[in-house]
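The chain contents come next:
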Amino acid sequence: MNNTNKIIISLLVANLAATIWFGNKSNNGNLNQKPYEQASNHQLPDLITDTVKQELLDTFIKHFNVANYSGLYDMFGPVAKAQIAREHMDKEFGKLAKFFHSVKSGSYSFAEFSGQQGSNIIYVLNYTVKLSEKSDFGEIGELKITIAIDGNNYQVYGIRLNGTSNT
């Protein structure tokens, strides 16, 4: 074999090795994704663990059922608190309590990517909840907690409780 053939074969082997190496490296890309890349794939960041999701639900149920509107308002992060006055939220939570009465239990269902504002990645956490028999909107409802994630921190942007009609 002459030197030209050896060089060509060496280059082909090097090309094959590089292709395999870069191909394997790109398969591990999910581990090093930026938050907006995770959001576009509808993946909650590792920061939002099952424990965090359950704590948000438990905190809502605890405060809602005893009409502790201060506790519910305290769930919100600084951005949400800056946009809406506590007195207004007391009225809104009062309306929810009037129509839904109480939440017996609930479980996390799924998350939705909502958008991005600057460095904040926004998700809506969806929970299926069992409501009081006295509820004007049925005994099954949906709780939506909107959160914003910025780096290693999150804050609650919004809380929404929906029910099914009794018709």
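All of these numbers come straight from a predicted model, not from anything done at the bench.

Colleague: Honestly, the packing of aromatic side chains in this entry has me stumped. Any pointers?
Modeller: Geometry of an aromatic ring pair is reported as the spacing of the ring centres plus the angle between the planes. Under the definition given, this model contains eight aromatic pairs. When the centroid spacing of 6.3 Å and the interplanar angle of 25° are considered together, the rings of F76 and F93 count as stacked. Remark: F93 occurs in helix α6 (residues 86-100) and F76 occurs in the loop between α4 (69-75) and α5 (78-83); sequence separation between them is 17 residues. The same class applies to F76 and to F93, which are both buried. Note on F113 and Y123: the rings are 6.1 Å apart at their centroids and 70° apart in plane angle, and the pair reads as edge-to-face. Placement of the pair is F113 in strand β1 (residues 103-117) and Y123 in strand β2 (residues 120-131), with a sequence separation of ten residues.

Colleague: I keep staring at the confidence of the model for the chain and nothing clicks. Help me out?
Modeller: Fine structural detail should not be taken from predicted coordinates in areas where pLDDT scores are low. Put simply, the chain has an average pLDDT of 84, and 81% of its residues get 70 or more. When pLDDT is averaged over each element of the chain, helix α3 (residues 50-65) comes out on top at 96 and helix α2 (residues 35-40) at the bottom at 54.

Colleague: Is there a simple way to think about the sheet that holds β1 in this case?
Modeller: Strand pairing in a sheet takes place through backbone hydrogen bonds and is either antiparallel or parallel in direction. Spatial strand order, β1-β2-β3-β4: four strands in an open sheet with antiparallel pairing. Two strands lie at the open edges of the sheet, namely β1 and β4 (153-163), each paired on one side alone. Going from strand to strand, the sheet's axes swing by 20° on average, the running direction of each strand aside. Bridge analysis of β2 against strand β3 (residues 140-150) gives ten bridges, and the strand direction is antiparallel. Bridge pairing in β3 places Y127 opposite L143.

Colleague: Quick question: what am I supposed to make of the pairing of β2 here?
Modeller: Within a regular strand, the side chains alternate between the two sheet faces. Among the twelve residues that make up β2, ten are buried, leaving the element largely enclosed by the rest of the structure. Taken together, β1 and the strand that follows it, β2, pair antiparallel across an intervening segment of two residues, in which G118 is found at a positive phi of about 60°.

Colleague: When you look at the nonpolar core in this model, what are you seeing that I'm missing?
Modeller: Buried together is how nonpolar side chains tend to be arranged in soluble globular proteins. Grouped together as the largest cluster of nonpolar side chains are 33 residues, with contacts concentrated most on L56, F60, F64, L143, I147 and L161. Of all the secondary structure elements, the ones that give two or more residues to this core are α3, α4, α6, β2, β3 and β4. Beyond its immediate stretch of four places on either side in the chain, L56 contacts M75, L125, Y127, I145, I147, Y154 and V156.

Colleague: Can you walk me through the environment of K62 in this structure?
Modeller: Residue position: K62 is located in helix α3. Through-space distance from the C-alpha of K62 to that of S102 is 9.6 Å; in sequence the pair is 40 residues apart.

Colleague: What is the right way to read the pattern of salt bridges from this model?
Modeller: Applying the stated criterion across every chain yields a total of seven salt bridges. In this structure, D74 and K81 form a salt bridge, with 3.7 Å as the shortest nitrogen-oxygen distance. The partner of E142 in a salt bridge is K144, with the nearest N and O atoms 3.8 Å apart. Classification of E142 as partly exposed rests on a relative accessible area of 26%. Taken together, the shared-partner salt bridges connect E112, E142 and K144 into one network.

Colleague: Explain the side chain of K144 here, please?
Modeller: Mapping K144 onto the fold places it in strand β3. Within the structure, the side chain of K144 is placed 3.3 Å from the side chain of N126, a separation counted as a polar contact. With residues up to four places along the chain from it excluded, the contact list for K144 reads E112, V124, L125, N126, G158, I159, R160 and N162.

Colleague: Please explain α6 as it appears in this structure.
Modeller: One turn of an α-helix holds 3.6 residues; hence residues three or four places apart share an orientation. The end-to-end C-alpha distance of α6, which contains 15 residues, comes to 21 Å, matching closely the 21 Å that a straight helix rising 1.5 Å per residue would cover. Along α6, the positions that sit buried rather than exposed are M89, F93, L96, A97 and F100. Within α6, the buried residues cover an arc of 100° as seen down the axis, which keeps them to one side. Residues of α6 that are exposed and angled more than 90 degrees away from the buried face: E87, K91 and K98. On the buried face of α6, the contacting elements are α3, α4, β2 and β4. Directly beyond the C-terminal end of α6, a positive phi value near 70° is found at H101.

Conventions we followed
- Residues numbered from 1 in each chain as written.
- Predicted model: local features only at pLDDT ≥ 70, side-chain atom pairs only at ≥ 80, totals over all residues.
- Heavy atoms only, no water.
- Phe/Tyr/Trp six-rings, centres within 6.5 Å; stacked < 30°, edge-to-face > 60°.
- Helix = DSSP H or I, 4+ residues; strand = E, 2+ residues; numbered from the N terminus.
- Buried < 20%, exposed > 50% of the residue type's maximum accessible area, 1.4 Å probe, protein only.
- pLDDT = per-residue confidence, 0-100.
- Pairing = 2+ DSSP bridges.
- Axes fitted to C-alpha atoms, helices over the stretch in contact; angles between N-to-C directions.
- Core = buried A, V, L, I, M, F, W, Y, C linked by side-chain atoms within 4.5 Å.
- Contact = heavy atoms within 4.5 Å.
- Salt bridge = Lys/Arg side-chain N within 4 Å of Asp/Glu carboxyl O.
- Polar contact = N/O pair within 3.5 Å; in protein donor to acceptor, adjacent residues only side chain to side chain.
- Expected span 1.5 Å × (residues − 1).
- Arc of directions from axis to C-beta.

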